[in-house]
Amino acid sequence: MAASASERPQFISSNGGNRSFSNAPLIDNSDPNQIIVPEKKSWKNFFAYLGPGFLVSIAYIDPGNFETDLQSGAQYKYELLWIILVASCAALVIQSLAANLGVVTGKHLAEHCRAEYSKVPNFLLWVVAEIAVVACDIPEVIGTAFALNMLFSIPVWIGVLLTGLSTLMLLALQQYGVRKLEFLIAFLVFTIAICFVIELHYSKPDPGEVLHGLFVPQLKGNGATGLAISLLGAMVMPHNLFLHSALVLSRKIPRSATGIKEACRFYLIESGLALMIAFLINVSVISVSGAVCNAPDLTPEDRSKCEDLDLNKASFLLRNVVGKWSSKLFAIALLASGQSSTITGTYAGQYVMQGFLDLRLEPWLRNFLTRCLAIIPSLIVALIGGSAGAGKLIIIASMILSFELPFALVPLLKFTSCKSKMGSHVNPMAITALTWFIGSLIMGINIYYIVSSFIKLLIHSHMKLALVIFCGILGFSGIAIYLASIAYLVFRKNRKATPLLASTNSQSVETLPRQDIVDMQLHGKAATSDLD
């Protein structure tokens, strides 16, 4: 039952006056499926906030991460572990900022982009976000297909086709409530963790070398730089910013200064816990790969597999070096990773489409469209290039995600940097400055790698001079457009300040969770209200 106009939350406009967000959908608080945070301040409230962080953390341990982790461990042993540590710390800062945006404003990142930018930039940002969702979905499709091949000897191309059906079955679990779905995701996360802890125990990596790799930064050669960018792309994903800022809207929190601060604090702790587990899993994967591929008694055949390691070869390698059960454990972890990642990817795609275009689709239809876009290239590569080609496609998809990060990160920073009442217990300006630094560093590394790799490609190519010049002009024009697009987002002045939900000086005002967000998570029904 919708609340009356007088009960709907008030928004603070840029000129200090209040305006009613009259078309903000609310739902009746008698719904037993709602996750309601008690008004009384208590550490027990933390359990009401558990869930969104684990859904977000899945993106940090998806098959794309496993692929890049395996390759970095096989080629550089433990030398790139510090990238995982830096990326995990950066992810915590960035994800907490995304969660704070949703908690304080009551609108997620894609909705803020639609309200702020004109039609053309908004449409282009939507296209980039959709490409990021598809690029994220490709490793999940291929990873699940590899897992099915390891467990049941199903051909990879058939496994690619089966992934869509399996995801739709898991999405059907939504009818049992968002809490049960969150518990399922958490269970899958811990399943992955247990599998790799066991693998870690039997592969026996050297603890001293692992710690050295974690805390001593080093990049040896252009190949290491490329893998480092792939690791960053697989860790800090653009669609996760849209996802996290929307998932927090499913909770009912007291709209008071104390309630908002408590929500931001508990979401930070919850995200930290989930990302710590994801960090340990990634460290375990690299450590297992580094220990196995650098074992002194490795056969020439297994050593050749390590030179171009992918998810499928890793299974055979583990079976030969550690044991058959090790291969099955890896397959179970990979299957859990792929299936859980597709659920969160579907949610992210739904929020992106709803936020940028104000268009909502049923989750099964949204999943079908996204999965088709991911299945088509995956199927073609699996049929033509086999498992090796599919593995290379995962690396390409991860690098695309890294290059697209600025187009989600910069708007997030612009929307949060103007907030004076973010509600966080940490100084918002310090968080914003740190995140700008992290974002600039990632963008700088990406630009350096693009330019250096492109120049190297032109220098060592065997093309005619005229063709080299033409490709150079074309390539550098693309790089210039990429830089100009980022510069536009960075230096463009926001047209208006984003309104804050309710007055943070009030100790009694409350708002219910967003109807459309809850519907997407619980029942998959399209909401009927607009969010302009």
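Just so you know, these numbers come straight off a predicted model, no measurement behind them.

Would you explain the nonpolar core in this entry?
Proteins that are soluble and globular tend to have nonpolar side chains buried together. Membership of the largest hydrophobic core comes to 128 residues, with the highest contact counts inside it found for Phe66, Leu241, Ile281, Phe330 and Phe356. Setting aside anything within four residues of it in sequence, one finds Ile281 in contact with Ile61, Phe66, Val189, Ile192, Ala193 and Phe196.

Honestly, helix α6 (residues 119-152) in this entry has me stumped. Any pointers?
Side chains of residues three or four places apart in an α-helix project in the same direction, reflecting 3.6 residues per turn. For α6, with 34 residues, the first-to-last C-alpha span of 48 Å sits near the 50 Å given by 1.5 Å per residue. Here α6 lies mainly inside the structure; 25 of its 34 residues are buried.

Is there a simple way to explain the pattern of salt bridges in this structure?
Should their charged atoms come close, side chains of opposite charge can pair. With the rule as written, the count across this model stands at 3 salt bridges. The residue Glu116 makes a salt bridge to Arg492 at a minimum N-O spacing of 2.7 Å. Taken together, the positions of Glu116 in helix α5 (residues 109-116) and Arg492 in the loop between α19 (465-491) and β5 (500-501) put the pair 376 residues apart, joining distant regions of the chain. Take Glu116 and Arg492: they sit in the same class, and that class is buried. A salt bridge links Glu182 to Arg251, with the nearest nitrogen and oxygen atoms 3.0 Å apart.

Please explain helix α3 (residues 63-76) as it appears in this structure.
For α3, with 14 residues, the first-to-last C-alpha span of 20 Å sits near the 20 Å given by 1.5 Å per residue. With 13 of 14 residues buried, α3 lies mostly within the body of the structure.

Got a minute to help me understand a nonpolar patch on the surface in this structure?
Nonpolar side chains collect at one region of the surface, where Trp157, Ile158, Leu161, Leu162, Leu165, Ile376, Ile380, Leu383 and Ile384 lie side by side and expose about 870 Å² of accessible area between them. Elements supplying a minimum of two residues to the nonpolar patch: α7 (156-171) and α16 (363-404). Here the element with the most residues in the nonpolar patch is α7; it accounts for 5 residues. Structurally, the position occupied by Leu165 is in helix α7.

Is there a simple way to explain the packing of aromatic side chains in this structure?
Working definition: an aromatic ring pair is given by the centre-to-centre distance plus the angle between the planes. Applying the stated criterion to the full structure yields 14 aromatic pairs. Measuring from ring centre to ring centre gives 4.9 Å for Tyr49 and Tyr267, while their planes differ by 75°; the resulting arrangement is edge-to-face. Linking Tyr49 in helix α1 (residues 46-49) with Tyr267 in helix α12 (residues 257-293), this pair joins segments that are 218 residues apart in sequence. Judged by its relative accessible area of 0%, Tyr49 falls in the buried class. Ring geometry for Phe123 versus Trp126: centroids 5.5 Å apart, planes at 45°, classification tilted.

When you look at the state of the cysteines in this model, what are you seeing that I'm missing?
Two cysteines joined by a covalent bond between their sulfur atoms form a disulfide. Summed over the entire model, instances satisfying the criterion amount to 1 disulfide. Through a disulfide, Cys293 is tied to Cys306; the S-S separation comes to 2.2 Å. Disulfide Cys293 to Cys306: torsion about the S-S bond roughly -85°, handedness left-handed. Remark: Cys306 occurs in helix α13 (residues 300-307) and Cys293 occurs in helix α12; sequence separation between them is 13 residues. Summarising the burial analysis for this pair, Cys293 and Cys306 share the class buried.

Sorry, what's going on with the confidence of the model for the protein here?
Atomic detail in the predicted coordinates should be set aside for any region of low pLDDT. Considering every residue of the protein, the mean pLDDT works out to 76; 77% of them sit at 70 or more. Ignoring residues within four places in sequence, the model shows residues 419-427, a span with pLDDT below 50, making 26 contacts including any to other chains. Note on residues 522-532: pLDDT is under 50 here. Beyond four places in sequence and across chains, it has 36 contacts.

Is there a simple way to think about the side chain of His112 in this case?
Within the secondary structure, His112 is located in helix α5. For His112, the side chain forms a polar contact with the side chain of Thr105, separated by 2.9 Å.

Help me understand the packing of α3 against helix α15 (residues 324-357) in this model?
The angle between the axes and the distance between the axes are what describe a pair of packed helices. Packing of α3 against α15 leaves a shortest axis separation of 9 Å and a crossing angle of 135°. Judged by the angle between their axes, α3 and α15 are oblique. Across from Pro63, Phe66 and Leu70 in α3, the residues of α15 making contact are Phe330, Ala333, Leu334, Ser337, Gly338 and Ser341. Across the contact of α3 with α15, the residue classes tally to 6 nonpolar, 3 polar and no charged.

Please explain the environment of Leu241 as it appears in this structure.
As for its position among the elements, Leu241 is in helix α11 (residues 238-247). Note: C-alpha distance between Leu241 and Leu412 (171 residues apart in sequence) is 8.0 Å. With near-sequence residues (within four places) excluded, Leu241 lies in contact with Ile94, Gln95, Ala98, Leu109, Leu405, Ala408, Leu409 and Leu412.

Honestly, the side chain of Ser327 in this entry has me stumped. Any pointers?
Among the structural elements, Ser327 can be located in helix α15. Excluding residues within four positions of it along the chain, Ser327 makes contact with Ser315, Leu318 and Arg319.

Looking at this structure, I do not really get unusual backbone geometry. What am I missing?
The bulk of non-glycine residues show a negative phi, and the bulk of peptide bonds are trans. Even without being a glycine, Lys77 presents a positive backbone phi close to 55°. When you line up the elements, Lys77 lands in the loop between α3 and α4 (81-105). On the accessibility criterion, Lys77 (26% relative accessible area) is partly exposed. Positive phi is not limited to glycine here, since Ser153 has a value of about 60°. Within the fold, Ser153 resides in the loop between α6 and α7.

Any chance you could explain the packing of α11 against α15 here in plain terms?
At a closest axis distance of 9 Å, the pairing of α11 and α15 adopts a crossing angle of 80°. Taken together, α11 and α15 sit at an angle that is classed as roughly perpendicular. Contact residues: α11 offers His239, Phe242, Leu243, Ala246 and Leu247, while α15 offers Thr344, Tyr347, Ala348, Tyr351, Val352 and Phe356. Across the contact of α11 with α15, the residue classes tally to 9 nonpolar, 2 polar and no charged.

Conventions used here
Residues numbered from 1 in each chain as written. Predicted model: local features only at pLDDT ≥ 70, side-chain atom pairs only at ≥ 80, totals over all residues. Heavy atoms only, no water. Core = buried A, V, L, I, M, F, W, Y, C linked by side-chain atoms within 4.5 Å. Buried < 20%, exposed > 50% of the residue type's maximum accessible area, 1.4 Å probe, protein only. Contact = heavy atoms within 4.5 Å. Helix = DSSP H or I, 4+ residues; strand = E, 2+ residues; numbered from the N terminus. Expected span 1.5 Å × (residues − 1). Salt bridge = Lys/Arg side-chain N within 4 Å of Asp/Glu carboxyl O. Patch = residues over 30% accessible without salt bridge, like charges linked within 9 Å, V, L, I, M, F, W, Y side chains within 5 Å. Areas by Shrake-Rupley, 256 points an atom, 1.4 Å probe, with all protein chains shown as cover. Phe/Tyr/Trp six-rings, centres within 6.5 Å; stacked < 30°, edge-to-face > 60°. Disulfide = S-S within 2.5 Å. pLDDT = per-residue confidence, 0-100. Polar contact = N/O pair within 3.5 Å; in protein donor to acceptor, adjacent residues only side chain to side chain. Axes fitted to C-alpha atoms, helices over the stretch in contact; angles between N-to-C directions. Parallel < 35°, antiparallel > 145°, perpendicular 65-115°, else oblique. Nonpolar A, V, L, I, M, F, W, Y, C, P; charged D, E, K, R; others polar.

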